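Next come the chains, spelled out residue by residue.
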Amino acid sequence: MATPILVYNFNAYSVSAQWRVVDDIVMGGRSEGHFAVTPAKNGRFYGDVSLENNGGFSSVRHAFDPPVIASGHSGVSIRLRGDGTRFEFSIKAEAHDRHVYATHFETSGQWEEISLQFADLYPLYRGDRLEGPSYGGGLITEIGFLIGNDRPQAFELLLDRLDLV
């Protein structure tokens with residue numbers, strides 16, 4: 001079993017500009033997501049998902065430069081507090097890849113640590129599942145969180161830290 005390695009934690013040096021929000025607006029939708037670092041030094045991904053104009057999602061992404069080496073690890077552990085709804089977590093292996101590896105997780109509304117296994121992250125492109133193997137470790141050039149539950153909703157996801165396990 002590999003020793004856990006801290007990949008990202010929010011602290012006094014965290015800045016929201018290191019995270020990029022991508023909403024369905026890129027496809028004509030009307031969802032509106034935001035990202036901020038709270039006074040308590042947590043990442044806060046929040047906003048409203050709208051189904052207008054064939055919309056329905058909001059996401060936030062963080063790129064790593066240099067990439068994180070995940071070899072020898074089997075997954076990630078994320079300390080977070082969601083609003084009791086389902087979110088998606090994704091990893092982009094290579095910067096030039098058009099697809100990501102993703103899986104969904106449920107939140108309880110309380111601070112919790114969720115564990116996601118690499119074997120459960122399947123290839124995904126623009127919301128469509130692709131044929132192919134699950135994420136095998138290797139490099140992580142980007143991580144992301146997405147909400148898109150096929151309904152309009154306000155949302156909030158607080159992030160504290162992410163570790164390789």
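Here the structure is a predicted model, which means the values were calculated and not measured.

## Some words on the pairing of strand β13 (residues 153–164)
- In terms of residue burial, β13 counts as a mostly covered element, since nine of its twelve residues are buried.
- Bridge count for strand β1 (residues 5–9) against β13 is four bridges, and the pairing is antiparallel. Looking at the pairing, I5 lines up with L164 of β13.
- With seven bridges connecting them, strand β4 (residues 43–49) and β13 associate as antiparallel partners. Bridge assignment links V49 to a residue of β13, and that residue is Q153.
- Where strand β6 (residues 75–81) meets β13, six bridges bridge the pair, whose relative direction is antiparallel. Of the residues in β13, the one forming a bridge with S77 is D163.

## What to know about the sheet that holds strand β11 (residues 128–129)
- Here we have seven strands laid out as an open sheet, ordered β2-β5-β12-β7-β8-β10-β11, and antiparallel in their pairing. Two strands bound the open sheet, and with one partner strand each, they are β2 (20–23) and β11.
- Two strands pair when backbone bridges link them, and β2 and strand β5 (residues 58–69) are joined in this way by four bridges, in the antiparallel orientation. What sits directly across from V22, in β5, is S59.

## Some thoughts on the nonpolar core
- Among the nonpolar cores identified, the biggest contains 34 residues, and W19, I78, F89, Y135, I140, F145 and L159 are the most heavily contacted of them.
- A total of five residues in this core trace back to one element, the largest contributor, which is β13.
- With near-sequence residues (within four places) excluded, F89 lies in contact with V76, I78, Y101, A102, T103, F105, L116, L121, I143, G144, F145 and L162.

## Side note on the packing of aromatic side chains
- Under the counting rule described, the total for this entry stands at eleven aromatic pairs.
- On the numbers, 5.0 Å between centres and 20° between planes, the contact of W19 with F35 is stacked. Of this pair, W19 sits in the loop between β1 and β2 while F35 sits in strand β3 (residues 32–37), and the two are 16 residues apart along the sequence.
- When its relative accessible area of 7% is taken as the criterion, W19 is described as buried.
- Classification of F35 by relative accessible area gives buried; the value is 12%.
- Ring plane angle 90° and centroid distance 4.8 Å describe the contact between F118 and Y135, whose orientation is recorded as edge-to-face. One end of the pair, F118, is in the loop between β9 (111–117) and β10 (122–125); the other, Y135, is in the loop between β11 and β12 (139–147), with 17 residues separating them in the sequence. Side by side, F118 and Y135 carry an identical accessibility label, which is buried.

Analysis parameters
Residues numbered from 1 in each chain as written. Predicted model: local features only at pLDDT ≥ 70, side-chain atom pairs only at ≥ 80, totals over all residues. Heavy atoms only, no water. Buried < 20%, exposed > 50% of the residue type's maximum accessible area, 1.4 Å probe, protein only. Helix = DSSP H or I, 4+ residues; strand = E, 2+ residues; numbered from the N terminus. Pairing = 2+ DSSP bridges. Core = buried A, V, L, I, M, F, W, Y, C linked by side-chain atoms within 4.5 Å. Contact = heavy atoms within 4.5 Å. Phe/Tyr/Trp six-rings, centres within 6.5 Å; stacked < 30°, edge-to-face > 60°.

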